[in-house]
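# Geometric and topological summary
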Amino acid sequence: MPLDNSGLREEILKLKEERHAIILSHNYQRDEVQEIADFVGDSLELSRTASTVKCDVIVFAGVNFMAESASILSPEKTVLLTELDACCPMADMIRVDSPRPIKKSFPGFDNPPSYVYPAEFTLRDIKAGNPGVPVVTYVNTTADVKAESDVCCTSANIVKVIESLPDEKVICIPDKNLAMWAARNTNKQVIAWDGFCHVHERVTPEDVRKARAEHLGAVLMAHPECRIEVLEMADHVTSTSGMLRFAKASTAKEFIVGTEIGLMYRLRKENPEKIFYPLRKDMICPNMKKTTLKSILRALKENNYIVKVPEHIRVPAKRALDRMLEIK
Ligand code: 13P
Ligand code: SF4
């Protein structure tokens, strides 16, 4: 007989206790997944929690780079990714190795990064073309890319991370939108990569005009993975948890939300007296939605899918993550 959600929940809670496990969920997960998680947060909060939480098993309801980071930071724990193919297409847009080093200038920006490298290049190409320039790597990358980087960042701390470096020039990979936004907010020269998040990249200035016309006076929050022309039209640009904090502290009553719709669950739950409208209803990350309560139960029961990073990659990748986590 199929279990309803309450049956599934009960089984998960029982197994979780038996296995001394903790469930971590990203803010974009399904409502019921966020509801059963021990901790729900943005990428930075999840990395911090993974590095400090006391447990034997971390069940990661998110996408693969997040579980990888948890395993890099806490190698003594069993880290389980709830769905094997829950990936981040942006993370797959940059690889460490491959041929063809060409540079392409990026037109149309007053304060642009010097270059945006197209995605057919490799991280080694960009490093070879810019000797000595530190690499600031968005956590939305694979472990081997992190291992070749100087320091990691998230959408919540990229400006702080760049400013913590003594260098005047930095390489920011792989999200061109996040890199350009960071370039606007620091005095440093930023060399970017041509990666993007398909969920945020699809939002256009026309979508912003339409949403603003439909919800007059609503405050527009946008994630820095949106295009720079969209970010310029926003009232507040921040990470997913940054939006939660901003909406709570704001005296405004209505908000347009420029990020994946999974965040609406916490926004509405934590601010029942306020109204939240999605900037676009189709801002849905299919990979974030792969995890269900059934996936969590299966992960705990069958002990899969174990994420383990080989030591020769884990150690340098941890250095880049630790350097980020040291920045308060
Ligand atoms: P944050 O939750 O860190 O803002 O990240 C958004 C994202 O796209 C994660 O994949
Ligand atoms: Fe990757 Fe975008 Fe999905 Fe985040 S929302 S996991 S960046 S595709």
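It should be noted that the structure appears before, not after, this text.
All figures in this text were calculated on a predicted structure; none of them were measured in a lab.

## Observations concerning the site of ligand 1
The immediate surroundings of ligand 1 are formed by 13 residues, with His26, Ser43, Ser155, His223 and Thr240 found nearest. His26 is positioned with one of its side-chain polar atoms (N or O) 2.7 Å from an oxygen atom of ligand 1. Glu225 places a polar side-chain atom, nitrogen or oxygen, 3.1 Å from an oxygen atom of ligand 1. In isolation ligand 1 has 300 Å² of accessible area, and contact with the protein removes 96% of it. Among the residues forming the shell around ligand 1, the class breakdown is 4 nonpolar, 7 polar and 2 charged.

## Brief notes about the pattern of salt bridges
One pass over the structure, following the stated rule, counts 24 salt bridges. Note that Arg124 is salt-bridged to Glu148, the shortest N-O span being 2.6 Å. Of this pair, Arg124 sits in helix α5 (residues 123–129) while Glu148 sits in the loop between α6 (143–147) and β7 (151–153), placing them 24 residues apart in sequence. Of the residues examined, Arg124 reaches a relative accessible area of 39% and is grouped as partly exposed. For Glu148, a relative accessible area of 21% corresponds to the partly exposed category. Sharing partners across several salt bridges, the network here consists of Asp97, Arg124, Lys127 and Glu148.

## Some words on the side chain of Thr291
Mapped onto the elements, Thr291 comes out in the loop between β13 (275–278) and α14 (293–302). Aside from chain neighbours lying at most four places away, what touches Thr291 is Gln29, Arg30, Val33, Ala61, Gly62, Thr82, Glu83 and Ile296.

## Examining the site of ligand 2
Every residue near ligand 2 is listed here: Tyr28, Val63, Cys88, Pro89, Met90, Asn140, Cys197, His198, Glu225, Cys285 and Met288. Tallied by class, residues from the shell around ligand 2 come to 8 nonpolar, 2 polar and 1 charged.

## A look at the sheet that holds strand β12 (residues 254–258)
Read across the open sheet, the 4 strands follow the order β11-β10-β12-β13; overall the sheet is parallel. Here the strands that pair on one side only, and so sit at the sheet edges, are β11 (236–237) and β13. With 4 bridges joining them, β12 and β13 adopt parallel strand pairing. Residue pairing in the sheet places Phe255 in a bridge with Phe276 of β13. Its contacts with the sheet place helix α12 (residues 240–249) against β10 (219–222), β11, β12 and β13, and it is angled at close to 160° to β10.

## Remarks on the environment of Ala182
Residue position: Ala182 is located in helix α8 (residues 176–184). Measuring from C-alpha to C-alpha, the distance between Ala182 and Ser250 comes to 24 Å, with 68 residues separating the pair along the chain. Apart from the residues lying within four places of it in its own chain, the contact partners of Ala182 are Ile158, Val159 and Ile162.

## Some details on the pairing of β12
Within β12, 4 of the 5 residues are buried, which leaves it mostly tucked inside the rest of the structure. Examined bridge by bridge, β10 and β12 share 4 bridges and lie parallel to one another. The residue of β12 that forms the bridge with Leu220 is Ile256. In terms of handedness, the path from β12 via helix α13 (residues 263–270) over to β13 forms a crossover that is right-handed.

Definitions and limits used
- Residues numbered from 1 in each chain as written.
- Chains lettered and ligands numbered in written order.
- Predicted model: local features only at pLDDT ≥ 70, side-chain atom pairs only at ≥ 80, totals over all residues.
- Heavy atoms only, no water.
- Near = heavy atom within 4 Å.
- Polar contact = N/O pair within 3.5 Å; in protein donor to acceptor, adjacent residues only side chain to side chain.
- Areas by Shrake-Rupley, 256 points an atom, 1.4 Å probe, with all protein chains shown as cover.
- Nonpolar A, V, L, I, M, F, W, Y, C, P; charged D, E, K, R; others polar.
- Salt bridge = Lys/Arg side-chain N within 4 Å of Asp/Glu carboxyl O.
- Helix = DSSP H or I, 4+ residues; strand = E, 2+ residues; numbered from the N terminus.
- Buried < 20%, exposed > 50% of the residue type's maximum accessible area, 1.4 Å probe, protein only.
- Contact = heavy atoms within 4.5 Å.
- Pairing = 2+ DSSP bridges.
- Axes fitted to C-alpha atoms, helices over the stretch in contact; angles between N-to-C directions.
- Right-handed = clockwise from strand over helix to strand, strands pointing away.

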